[in-house]
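Residue-level structure breakdown
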Amino acid sequence: MRGIVEQLETVLDSEGGLRMLFDEFRENRADRVLRIAEISDAPLWFIGDLHGDLLALEAALALIDRESEREAPGPARIVLLGDLFDDGGYGLDTLLRVFELMLRDSSSICLLAGNHEDALGYNGSRFTATVSPSDFSDFLNDNLAHEWMGRAGKLAVRIVKDAPRALFFPDGLLVAHGGFPLRDLHERLAQTGDWNDPQCLIDFVWTRAHPRARKKM
């Protein structure tokens, strides 16, 4: 754990930072909705909602490696659709495995924020969460005396802060964790074209059943 965390912290603190898959399509570093102008023929895999299921992640990676060895035209690329932790399972182990993938070749990995990542925070003394279940933040708070667990949690908060909330592909495919902007935002979007509007970003990460619904899903 220490080695992974230290290496990733070093990369993030470097001048170039952590360059992830599709980052070249950001209009600026604050861009959270990426319009992918072109895409190569290299395989593109999507993995969603692991929720600490490390075995499922390893099985998916084994499948990707096997298929890539057969007839792939280039290195396989992976889009993680968020919710790496919470709902039990091995949240920390899954997170560290994703960190390993980033260190191995960050240009082949894209992490979209799910609502559980979006909800995780750190207030300077404790981890916070605005989602239920929130067992990962509880786990981190129960282990605040463990330096490297805490630093892994802070890395997650730091990486997700810059993570995309949605990808638009040339063929019309929309990739997001939760949903898409509801009708009450369409007029504003048509006028401004600002897909980084905070309410739009929330709709990509969560799903609103109705513009006036009291709860997000």
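As a starting point, this report considers the structure included with it. Counting from 1, residues in each chain are numbered in the order their sequence is written. Given that the model is predicted, a residue must reach a pLDDT of at least 70 before its local features are reported, and side-chain atom pairs must reach 80 or more before they are shown or counted; all residues, however, enter totals for whole chains, interfaces and linings. Computation of side-chain values: all heavy atoms of the structure, hydrogens and water removed.

Where helices and strands are cited, they refer to DSSP runs of H or I of at least four residues and of E of at least two residues respectively, numbered from the N terminus. Counting its secondary structure elements, the protein chain contains 8 helices and 8 strands. When we talk radius of gyration, it's over C-alpha atoms, and the globule rule is simply 2.2 Å times the number of residues to the 0.38. Taking 2.2 N^0.38 as the reference for a compact globule, 217 residues should give roughly 17 Å; the C-alpha atoms of the protein chain span a radius of gyration of 17 Å, in line with that estimate. Seen through its C-alpha atoms, the protein chain measures out along the principal axes to roughly 50 × 45 × 35 Å. Of the accessible surface of the protein chain, which amounts to about 11600 Å², a share of 49% is contributed by carbon and sulfur atoms. Surface accessibility in these figures is a Shrake-Rupley result with a 1.4 Å probe; residues are shielded only by whichever protein chains are displayed.

Each residue's exposure class comes from its accessible area (1.4 Å probe, protein chains only) as a fraction of the maximum for that residue type: buried when under 20%, exposed when over 50%, partly exposed otherwise. Residues R77 and V79 line one face of strand β3 (residues 77–80) and the alternating positions I78 and L80 line the opposite face, and both faces are buried. For strand β2 (residues 44–47) and β3, the ladder comprises 4 bridges, and the chain directions are parallel. Counted as the bridge partner of F46 is V79 from β3. Note on the crossover from β3 through helix α3 (residues 91–105) to strand β4 (residues 109–111): the handedness is right-handed. Two strands are said to pair when DSSP picks up at least two bridges between them. Every crossover in which the path from the first strand over the helix to the second runs clockwise, viewed with the strands pointing away from the viewer, is termed right-handed.

A few words on the nonpolar core. The tendency in soluble globular proteins is for nonpolar side chains to be buried as a group. In this description, a nonpolar core means a group of buried Ala, Val, Leu, Ile, Met, Phe, Trp, Tyr and Cys residues linked to one another through side-chain atoms lying within 4.5 Å. By size, the foremost hydrophobic cluster in this structure holds 36 residues, and its most contacted members are I47, F99 and M102. If you list the elements that add at least two residues to this core, you get α1 (2–13), α2 (54–71), β3, α3, β4, α5 (135–142) and α6 (147–162). Contact criterion: two residues are considered in contact whenever any of their non-hydrogen atoms come within 4.5 Å of each other. Leave out the neighbours within four places in its chain, and M102 touches L18, M20, L111 and I159. Residues F22, V79, L167 and F169 belong to the second largest nonpolar core, which totals 12 residues.

Moving on, we get to the sheet that holds strand β7 (residues 166–168). On the basis of which strands lie adjacent, the open sheet formed by 3 strands has the order β1-β7-β8 and mixed pairing. Each edge of the open sheet carries a strand with a single partner, namely β1 (33–35) and β8 (174–176). The mean inter-strand angle of the sheet, taken between neighbouring strand axes irrespective of direction, is 15°. As paired strands, β7 and β8 are joined by 3 bridges and run antiparallel to one another. Within β8, the position partnered with L167 by the bridge is V175. All axes here are fitted lines through C-alpha atoms, helices being fitted over the stretch that makes contact, and every angle between N-to-C directions spans 0 to 180 degrees.

Here we take up the side chain of N115. Tracing the backbone through its elements, the reader meets N115 in helix α4 (residues 115–119). For this analysis, a polar contact is any N or O atom pair within 3.5 Å, provided that within protein one partner can donate a hydrogen and the other can accept it, and provided that sequence-adjacent residues contribute only side-chain to side-chain pairs. At 2.9 Å, the side chain of N115 forms a polar contact with the side chain of H177. What N115 contacts, discounting residues up to four positions off in sequence, is D83, V131, H177, V205 and W206.

This next bit is on empty space enclosed by the protein. Grid points spaced at 1 Å and placed over the protein atoms alone form the basis of the search, with a cavity being a set where a 1.4 Å probe fits but cannot get out and a pocket an open set showing protein on both sides within 12 Å along at least five of seven lines. Lining residues have an atom within 4 Å of a point. Grid points are joined across faces, edges and corners, and a volume is the space filled by probe spheres set on the points. Enumeration according to the criterion identifies 1 cavity of 30 Å³ or more in this entry. A volume near 40 Å³ is recorded for the largest cavity. Elements supplying a minimum of two residues to the lining of the largest cavity: α3 and α6. No other element matches α6, which puts 4 residues into the lining of the largest cavity. Side-chain classes are defined by residue name, with Ala, Val, Leu, Ile, Met, Phe, Trp, Tyr, Cys and Pro counting as nonpolar, Asp, Glu, Lys and Arg as charged, and the others, Gly among them, as polar. Residues that form the lining of the largest cavity fall into these classes: 10 nonpolar, no polar and 1 charged.

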